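# Fold and contact review
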Amino acid sequence: MAITYRVSKTKNPQGIEGMNYFANKFVKTSDYTFEELAEDINNSTTVTQADAFAVLKAMKKYIKQALLAGRRVVLSDLGALRMSIVGKVFTEDDLKNKEFIPSSKIKGIGVNFRPEAKLIKELRAEAKLQRVASEYDE
C-alpha cells in the first residue's frame, strides 16, 4: 500500500511577497473503523470479531477515563496519548489583576498522540509514496 499525497499551494510566512509556494500534503484514502479492526483481528487470531469489538470498546472507555484523570495513556509499542489545552497566552500583568481568571483564556481541549520511535521507524522503512493528481499538475 502507498501513502498518497498531492501538491498544494501554501503560504510561506517568510517568503517573498507575490511568489507562489507549494507543499506536499497527505491525502486520506479512507477511514479504518473499529468494526474493520475487529474483523481483521478476528481473521488473524483466534479471537472472535464480537470479542475483539468488545475489547476495543472497553479500551476506549478506560482510555477516556484515564485521560480525564490527567493521566498519560501508554499503549506499549504503539505510542502514548495525553490531554492538551488550546488557549491564548496572557501576561504577568494579567496574573496580577485580581479579577483575571486564567481559565478564561482556555479555548478548548484536545488529545495528542505521540507514536513510539519504533513505530515511526517501521512506518518509514515500509512506506511507499504515490502522488495523486492536483490542480497544479501539468
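This report concerns the structure included in the present document.

Calculation rules
In this convention, every chain numbers its residues from 1, walking through the sequence in written order. Per-residue local features are limited, in this predicted model, to residues with pLDDT of at least 70; the limit for side-chain atom pairs, both in listing and counting, is 80 or more; totals at the level of whole chains, interfaces and linings are taken over all residues. Each side-chain value is worked out from all heavy atoms of the structure, with water and hydrogens disregarded. In this scheme, strands are said to pair when DSSP sees at least two bridges between them. Put simply, DSSP marks the helices as runs of H or I at least four residues long and the strands as runs of E at least two long, and each gets a number from the N terminus on. For this analysis, residues touch if any pair of their heavy atoms sits within 4.5 Å. Expected span of a helix: the number of residues minus one, times 1.5 Å. When accessible area is computed with a 1.4 Å probe and restricted to protein chains, residues below 20% of their type maximum are described as buried, those above 50% as exposed, and intermediate ones as partly exposed. Picture the helix axis, draw a direction to every C-beta atom, and the arc is the one those directions span.

## Some points on the pairing of strand S1 (residues 3-10)
Alignment of S1 against strand S6 (residues 129-131), held across three bridges, turns out to be parallel. The partner of Tyr-5 across the bridge, within S6, is Arg-131.

## Observations regarding the side chain of Ser-8
Within the secondary structure, Ser-8 is located in strand S1. Those residues in contact with Ser-8 that lie beyond four places of it in its chain are Tyr-21, Phe-22, Ala-23, Lys-25 and Tyr-136.

## Quick look at helix H2 (residues 49-68)
Helix length check: H2 (20 residues) gives 29 Å between terminal C-alpha atoms against 28 Å at 1.5 Å per residue, within 8%. What H2 keeps buried is the set Ala-52, Leu-56, Ile-63, Ala-66 and Leu-67. Seen end-on, H2 carries its buried residues on one side only, within an arc spanning 90°. Across from the buried face of H2, at angles greater than 90 degrees, the exposed residues are Ala-50, Lys-64 and Leu-68. Just past H2, the residue Gly-70 takes up positive phi, approximately 85°.

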